[in-house]
Amino acid sequence: MFSCRYRISCSMFLISYAFLCFHFQWLKKTNRKPLLAVVEKMKEELMLLGFISILLTVTSSLISNICILSKFYDSAFAPCSRGEVDEEKKDNSSKERR
């Protein structure tokens, strides 16, 4: 169901989170408050990054199917299929003739 890329990103996230939790506990035991605050902030940022990464991985197939009309850009960028681009050109040329 999920791609290999999704599994790898989740695995990397869990490993790094476990590593930070281990260091968090060690810093708590040794009473290093400034470093403890830094690790806590890193954990928060890692959680946010992980959530965004998972969200983008799950929705990547939906995002890649979005077609952007050429009236919104002026470059040679064409994310749509060739047929959609040709159809849009026909529509634009017929509107200009009217």
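Above: the structure in question.
Note that the coordinates shown come from a computational prediction; the quantities given were computed from them, not determined experimentally. (Residues numbered from 1 in each chain as written. Predicted model: local features only at pLDDT ≥ 70, side-chain atom pairs only at ≥ 80, totals over all residues. Heavy atoms only, no water.)

(A) How the structure looks around the pattern of salt bridges. Tallied over the full model, the rule gives 1 salt bridge. E45 is paired through a salt bridge with K41; the nearest N and O atoms lie 3.4 Å apart. Taken together, the residues span about one helical turn, with E45 and K41 both in helix α2 (residues 33-64) at a distance of 4 residues. (Salt bridge = Lys/Arg side-chain N within 4 Å of Asp/Glu carboxyl O. Helix = DSSP H or I, 4+ residues; strand = E, 2+ residues; numbered from the N terminus.)

(B) Molecular detail of a nonpolar patch on the surface. A cluster of nonpolar side chains, L48, F51, I52, L55, L56, I63, I66 and I68, forms an exposed patch at the surface whose accessible area comes to about 740 Å². Mapped onto the fold, I68 is located in the loop between α2 and α3 (82-97). (Patch = residues over 30% accessible without salt bridge, like charges linked within 9 Å, V, L, I, M, F, W, Y side chains within 5 Å. Areas by Shrake-Rupley, 256 points an atom, 1.4 Å probe, with all protein chains shown as cover.)

(C) The arrangement of the nonpolar core in detail. Of all hydrophobic cores here, the largest spans 7 residues; its members are F13, L20, F24, L27, L36, V39 and L46. At the level of elements, α1 (4-29) and α2 are the ones that each hand at least two residues to this core. In terms of residue count, the dominant contributor to this core is α1 (4 residues). If sequence neighbours within four positions are ignored, F13 has contacts with L46, M47 and G50. (Core = buried A, V, L, I, M, F, W, Y, C linked by side-chain atoms within 4.5 Å. Buried < 20%, exposed > 50% of the residue type's maximum accessible area, 1.4 Å probe, protein only. Contact = heavy atoms within 4.5 Å.)

(D) View of the packing of aromatic side chains. Taken as a whole and assessed by the stated rule, the structure comprises 0 aromatic pairs. Lying across the ring of F24, K43 places its NZ or CZ 4.3 Å from the centre. (Phe/Tyr/Trp six-rings, centres within 6.5 Å; stacked < 30°, edge-to-face > 60°. Lys NZ or Arg CZ within 6 Å of the ring centre and 35° of its normal.)

(E) Focus on α2. Spanning 32 residues, α2 covers 45 Å between terminal C-alpha atoms, matching the ideal 46 Å at 1.5 Å per step. The principal kink in α2, of about 45°, is found at V58. Residues L36, V39, K43, L46, G50 and T57 constitute the buried set of α2. (Expected span 1.5 Å × (residues − 1). Bend = angle between axes of the 7 residues up to and from the residue.)

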